[in-house]
Amino acid sequence: MARITLDNLAHSYLAKPTTEDDFALKELNHVWADGEAYALLGSSGCGKSTLLNIISGLVHPSQGRILFDDADVTHASTADRNIAQVFQFPVVYDTMTVRDNLAFPLKNRGASPEYIAKRVQEIGAMIGMEAELNNRARGLTADAKQKISLGRGMVREDVNALLFDEPLTVIDPHMKWELRTQLKSLHHEFGHTMIYVTHDQTEALTFADKVVVMYDGRVVQIGTPQELFERPAHTFVGYFIGSPGMNVLSATVDGTEALVHGAALKLARHFGKLDGKVEIGIRPEFISLTEGEGLPVKVRRVEDVGRHKIVRAEFFGNEINILAPEGQNISPDMNRITFDQDQVNVYVNDWRTEGKAA
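None of the values given here were measured: they were computed from a predicted structure. (Residues numbered from 1 in each chain as written. Predicted model: local features only at pLDDT ≥ 70, side-chain atom pairs only at ≥ 80, totals over all residues. Heavy atoms only, no water.)

Let's talk about unusual backbone geometry
Going from Ser 243 to Pro 244, the amide bond is cis rather than trans, its omega being -5°. When you line up the elements, Pro 244 lands in the loop between helix 9 (235-240) and strand 11 (247-250). Backbone geometry at Glu 166 places phi at a positive 45°, although glycine is not the residue there. As for its position among the elements, Glu 166 is in the loop between strand 7 (161-165) and helix 6 (173-190). With a phi angle near 80°, Asp 350 is a residue other than glycine that sits in the positive phi range. In this fold, Asp 350 is placed in the loop between strand 23 (345-348) and strand 24 (351-353). (Helix = DSSP H or I, 4+ residues; strand = E, 2+ residues; numbered from the N terminus.)

Next up, the structure:
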């Protein structure tokens, strides 16, 4: 296991980058704790796989350093970094049995036959392939081969870090849940430093202790699932986390009041007079649909998704989403909304501002 330090790290795939926009990975300075499970979360092209490949040694950064604990590994090979990496698409040896595929990393390290047999049996059970251990990998389904790849990544107990690059893409939904649970169990049992790349918020939030949200080559927030949900540091985090995501509305903010298209909204904190691109963000969970008080909306449709209802409404020409309890009867007279003041976030140029106690 290792503490991972990203020191002044940045990367461009261009030979001579001249502007910040030329960098696929913009400057990063972060320390990731030894033994924690991190998920790199973001949309395609945000830089998460580039960052993972820099940590693993497959890509050499344009600038900066990677440290494992206090050792500079920026120029070290993948083997010398002592990491295990599982890729998006399965990499297996078709001519070998499942057992030999799982045993391969241990044999390369000179582990004893007794330890190899015991560990391979444990991993075979973990990935649900005990019955196939003596079968050749050739002819297995794509999801079975990916389970072998996962197992081979997890078979060593002495690695500095386990890296996963969207490893469940080809796995069926039920098995995805089981394997995520197994990965979390493995982390709790052995305390490996784990980094898991995904664009799926459910995978990230159920797997990780800390989620690293990336946008346009930057880390915009690192936090627990609760922190990302309640206090998104950037409007992208609010939009990307949650279903539906956070409502973001242009506003004018002065002191403890926000004006949204001329309608006044009381804020729980004091923000002074804000300049730049000012917006407020409010989760659908913290908006209530009412009959008599609040700001006016036009309800366009109601979607019943079982546990709750999603109300799609128009708010001064903008779409706004509201979550209503499953049992709530939504009448035609319910054309007003109120906000939970404590759950309103204020953003300037896309970044959250804290404000002061009112």
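Examining the packing of helix 3 (residues 98-108) against helix 4 (residues 113-126)
For the pair helix 3 and helix 4, the least separation of the axes is 9 Å and the interaxial angle reads 130°. Relative to helix 4, helix 3 is oriented oblique. With respect to the hand of their crossing, helix 3 and helix 4 are arranged in right-handed fashion. In contact with Arg 99, Leu 102, Ala 103, Leu 106 and Lys 107 of helix 3, helix 4 contributes Tyr 115, Ile 116, Arg 119, Val 120, Gln 121, Ile 123 and Gly 124. (Axes fitted to C-alpha atoms, helices over the stretch in contact; angles between N-to-C directions. Parallel < 35°, antiparallel > 145°, perpendicular 65-115°, else oblique. Left-handed = near helix turned anticlockwise from the far one by under 90°. Contact = heavy atoms within 4.5 Å.)

Brief notes about helix 3
Within the span of helix 3, buried status applies to Val 98, Asn 101, Leu 102, Ala 103, Pro 105 and Leu 106. In this fold, the buried residues of helix 3 make contact with helix 4 and helix 5 (142-154). Positive backbone phi, approximately 75°, marks Gly 110, located one or two places after helix 3. (Buried < 20%, exposed > 50% of the residue type's maximum accessible area, 1.4 Å probe, protein only.)

Here's the deal with the sheet that holds strand 11
If you walk across this open sheet you meet the four strands as 11-16-23-24, and the pairing is antiparallel. Each of the sheet's edge strands pairs with one partner strand only, and the pair in question is strand 11 and strand 24. Taken pair by pair, the neighbouring strands of this sheet meet at an average axis angle of 40°, ignoring direction. (Pairing = 2+ DSSP bridges.)

Remarks on the environment of Tyr 347
Residue position: Tyr 347 is located in strand 23. Overall, Tyr 347 belongs to the buried group, its relative accessible area being 0%. Between the C-alpha atoms of Tyr 347 and Asn 53, which are 294 residues apart in sequence, the distance is 32 Å. Non-local contacts of Tyr 347, meaning those with residues more than four positions away in its chain, are made with Pro 232, Ala 233, His 234, Thr 235, Met 246, Lys 277, Val 278, Glu 279, Ile 280, Gly 281 and Arg 352. Engagement of the side chain of Tyr 347 in a polar contact is seen with the backbone oxygen of Pro 232, the distance being 2.7 Å. (Polar contact = N/O pair within 3.5 Å; in protein donor to acceptor, adjacent residues only side chain to side chain.)

Some details on the sheet that holds strand 8 (residues 193-198)
Backbone hydrogen bonds are what pair the strands of a sheet, in a parallel or an antiparallel way. Sheet architecture is open: six strands sit in the order 6-7-8-3-9-10, paired in mixed fashion. With one partner strand each, in any of the chains shown, strand 6 (83-86) and strand 10 (218-223) form the two edges of the open sheet. Each strand of the sheet is rotated relative to its neighbour by a mean of 15°, with strand direction disregarded. One ladder, built from five bridges, connects strand 7 with strand 8; its direction is parallel. Bridge assignment links Ala 161 to a residue of strand 8, and that residue is Thr 193. Against the sheet, helix 5 engages strand 6 and strand 7, with an angle of about 170° to strand 6.

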